[in-house]
Amino acid sequence: MAMKPASNRAIDDEDENEEEETDNNWDDWSADEEEESKDSDLLCLFCDSKFTSSDLLFHHCIATHHFDFQRLRNTLNLDFYGCFKLINFIRAQVAENRCWSCGTCCQTRENLHKHLHEFDESNARLLPWDDERYLKPFLFDDSLLFSFGDEEEGEDDNVEPMIDDEDLSRFGSLSLCIDDDNNGAIGEELVNGVDRKEGFGAMSIANDAKEIRVVNEGYFGSYSSFGIHREMLSDKVRMDAYRQAILGNPSLMKGAVVLDVGCGTGILSLFAAQAGATRVIAVEASEKMAAVATKIAKDNGLLHDESPFDGDNQSKGVVKVIQTMIEDLDKSTEIEPHTVDVLLSEWMGYCLLYESMLSSVLFARDRLLKPGGAILPDTATIFAAGFGRGGTSIPFWENVDGFNMSCVGKELLEDAAKFPIVDVVDSSDLVTGAIALQTFDLATMKHGEMDFTASIELEPKLDHYTKDMQSHTIWCYGVVLWFDTGFTDRFCKETPTVLSTSPFTPRTHWSQTILTFRKPIAVTSAEPVYDGTAEVGSEACPATKLQSRISIVRAALHRSIDISLEIAGIGPDGRKHSWPVQIFSLQ
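Values in this document were obtained by computation on a predicted structure and should not be read as measured data. (Residues numbered from 1 in each chain as written. Predicted model: local features only at pLDDT ≥ 70, side-chain atom pairs only at ≥ 80, totals over all residues. Heavy atoms only, no water.)

Brief notes about the sheet that holds strand E13 (residues 452-458)
Logical step 1: Overall, antiparallel pairing links the 4 strands, which are arranged E13-E17-E18-E19 in an open sheet. If you trace the sheet from one side to the other, it starts and ends with E13 and strand E19 (576-586), each paired once. Going across the sheet, the axis of each strand differs from the next one's by a mean of 15°, ignoring polarity.
Logical step 2: As paired strands, strand E18 (residues 561-570) and E19 are joined by 9 bridges and run antiparallel to one another. Directly across from Ile 563, in E19, lies its bridge partner Phe 584. (Pairing = 2+ DSSP bridges. Helix = DSSP H or I, 4+ residues; strand = E, 2+ residues; numbered from the N terminus. Axes fitted to C-alpha atoms, helices over the stretch in contact; angles between N-to-C directions.)

Below you can see the structure in the form of structure tokens.
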């Protein structure tokens, strides 16, 4: 996430050490000469200074760049891999003039040096470098990667090596982040300094099983509360869409084998049974809710009873509840692979992808759904639009029973620029048109497509704002995201439907996800009289378009997502002004 940087600290200019050119004639090579050439081979993480030992390099980093490697290593208990990733992460960030600690993007390397500050250890649980991709050396032949442990005080000469030969071979086989053919420049496939294909926050396999288990226990445990189920069952938009999709398409449901992933109370399974399914497998990871769903199905005469009763006493129910994670279902004999006709799930989280339930749905699709089987819903689209002042908390705090409390609103606005807010935005508070950011086809998409980067252009739509105003300029305070899921006629031939969380439709329990700018941007849909010398996005020169690049990826913290927001304003004269990237973590 974009952390508010500590106060900027001035630093002294670094003297650049001159490097002696070496002869390329290998006939004169000797081991002694190679050793001498490596004496000053350790390049500083932040500037062009070189050093003969990692000890000298890290002392320089403390004094000049406010970076204490050994302290950070000890405080965070970083092992060899953690240190290796940290060094590559910092080099990648510095190459983009971005602060490794808070993510702030600076205009120049000099500005970055002035900005650098100590790491905020209160956020130590979120380590942005804890990702497998930072095992790739960012620089070719980076000697520091295998020298940072050499100078530790009190090190025992007989200590076991920090990395064995087998592990070392992993690094040698990894590709580099720098393209030699491009003279070391970062390639066009990099977004925010990271490979687009991998995503800046793609889930790290370094998350061990214990950490994931703890997150899962908390996640599924939270769904043991009846309060959240009441909220979902009371969501009329949600309930109407699923009821219509299931009960309104008899040709799909009658006689079908249905799998309900993450059944909760079992409401979708009950709909499926009511629609004529011959077998409904309801999978629920929460032990408590699996028991509740079983009781509800039984109380409504829809639970499949496997007891050896005869005659009329035999239950005709079709619902069977299984307490397990869907990923563990195929370890049992409950259901054979590729035997499901219809895959049901209400998997959507805030901003669509929060909670990472989609990966479980795709797992079930690949392992259990018949070829050509139906998946409901089968499409999902994330939308984006710019919002104005009314989408913030400022108007409320300006008049609280006649008292001005705007100081609270201003502080909340500053905090909102660091963290995503899940709240309702009224359609009248949108100041740009809405545009589709990303669409997913759940029947065909691949797992890796859950992480994406998309570029859009937002055009101001201010008619309802400016009709009573002399000025045709208004302030855009950020971008709001929402989603629609479709039950299309591909599978729902009789009654296709859409579940929308849009500001233009009745509110849902998902609300919308609000990403607030660090400072508002002036926009206009008219042809204004403007100052050609003023900064684009200011009141004197409002932007006529907002170009945005947004990345949404699975974060290192299991079931969380990271959102990267880049904004550039286009002025009436075609000039362009870009603002530093913002990173939001939804967890």
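Still more ground to cover, so stick around.
Some points on the confidence of the model for the protein chain
When pLDDT drops low, the exact placement of atoms in the prediction is not to be read closely.
Logical step 1: When pLDDT is averaged along the protein chain, the result is 80; 76% of the residues meet or exceed 70.
Logical step 2: Taken together, the stretch residues 1-39 has pLDDT below 50 and engages in 52 contacts with residues farther than four places along the chain or on a different chain.
Logical step 3: Overall, residues 150-208 carries pLDDT values under 50, and its contacts beyond four positions in sequence, including any with other chains, amount to 106 contacts. (pLDDT = per-residue confidence, 0-100. Contact = heavy atoms within 4.5 Å.)

Looking at the packing of helix H9 (residues 236-247) against helix H11 (residues 267-274)
Logical step 1: Contact pair H9 / H11: the axes reach a minimum separation of 9 Å and the direction vectors enclose 30°. Overall, the two elements H9 and H11 adopt an arrangement that is roughly parallel. Note on packing geometry: the crossing formed by H9 with H11 is right-handed. Here H9 contributes Met 239, Tyr 242, Arg 243, Ile 246 and Leu 247 to the contact with H11, which in turn contributes Ile 267, Leu 268, Phe 271, Ala 272 and Gln 274. (Parallel < 35°, antiparallel > 145°, perpendicular 65-115°, else oblique. Left-handed = near helix turned anticlockwise from the far one by under 90°.)

Observations regarding H9
Logical step 1: Taking 1.5 Å of rise per residue, the 12 residues of H9 would be expected to cover 16 Å, and the 16 Å separating its terminal C-alpha atoms lies within 8% of that figure.
Logical step 2: Turning to H9, its buried residues are Val 237, Arg 238, Met 239, Ala 241, Tyr 242, Ala 245 and Ile 246.
Logical step 3: In this structure, the buried side of H9 is in contact with helix H8 (226-233), helix H10 (250-253), H11, strand E8 (340-345), strand E14 (473-487) and strand E15 (497-500).
Logical step 4: Between the side-chain oxygen at the start of H9 and the backbone nitrogen of Val 237 there is a gap of 3.3 Å, and the oxygen is on Asp 235. (Expected span 1.5 Å × (residues − 1). Buried < 20%, exposed > 50% of the residue type's maximum accessible area, 1.4 Å probe, protein only. Polar contact = N/O pair within 3.5 Å; in protein donor to acceptor, adjacent residues only side chain to side chain.)

What to know about the packing of aromatic side chains
We describe a pair of aromatic rings using the distance from one ring centre to the other and the angle between the two ring planes.
Logical step 1: Counted according to the given criterion, the structure contains 15 aromatic pairs.
Logical step 2: A centroid spacing of 5.3 Å and a plane angle of 85° characterise the contact between Phe 89 and Tyr 134, whose relative ring orientation is edge-to-face. Pair noted here: Phe 89 is in helix H4 (residues 80-95) and Tyr 134 is in the loop between helix H5 (109-115) and helix H6 (165-173), with a separation of 45 residues, a long-range link.
Logical step 3: You can call Phe 89 buried: its relative accessible area is 5%.
Logical step 4: Centre to centre, the rings of Tyr 242 and Phe 487 are 5.1 Å apart; their planes meet at 80°, and the pair counts as edge-to-face. With Tyr 242 in helix H9 and Phe 487 in strand E14, this residue pair connects regions lying 245 residues apart in the sequence. For the pair shown, Tyr 242 and Phe 487 are each scored as buried.
Logical step 5: Here the aromatic cluster, defined as three or more aromatic residues joined through ring pairs, consists of Phe 46, Phe 58, Phe 67, Phe 69, Phe 89, Trp 100, Phe 119, Trp 129 and Tyr 134. (Phe/Tyr/Trp six-rings, centres within 6.5 Å; stacked < 30°, edge-to-face > 60°.)

Digging into the pairing of E13
Logical step 1: Where burial is concerned, the two faces of E13 differ: the one with Phe 452, Ala 454, Ile 456 and Leu 458 is buried and the one with Thr 453, Ser 455 and Glu 457 is not.
Logical step 2: Looking at chain direction, E13 and strand E17 (residues 545-554) are connected through 7 bridges and run antiparallel. Residue Ala 454 lies in a different strand from E17, and its bridge partner there is Ile 550.

What about H4?
Logical step 1: Compared with the 22 Å implied by 1.5 Å per residue over 16 residues, the 23 Å span of H4 between its first and last C-alpha is a close match.
Logical step 2: The N-cap of H4, judged by a side-chain oxygen 2.8 Å from the amide nitrogen of Gly 82 a few residues on, is Asp 79.

Regarding unusual backbone geometry
Logical step 1: Here Leu 376 and Pro 377 are connected by a cis peptide whose omega angle stands at -5°.
Logical step 2: Positionally, Pro 377 belongs in the loop between strand E9 (369-376) and strand E10 (379-387).
Logical step 3: Phi angles above zero are rare outside glycine, and Asn 77 is one such case at about 55°.
Logical step 4: Residue position: Asn 77 is located in the loop between helix H3 (69-75) and H4.
Logical step 5: Classification of Asn 77 by relative accessible area gives exposed; the value is 67%.
Logical step 6: Phi at Cys 351 is positive, roughly 55°, even though this residue is not glycine.

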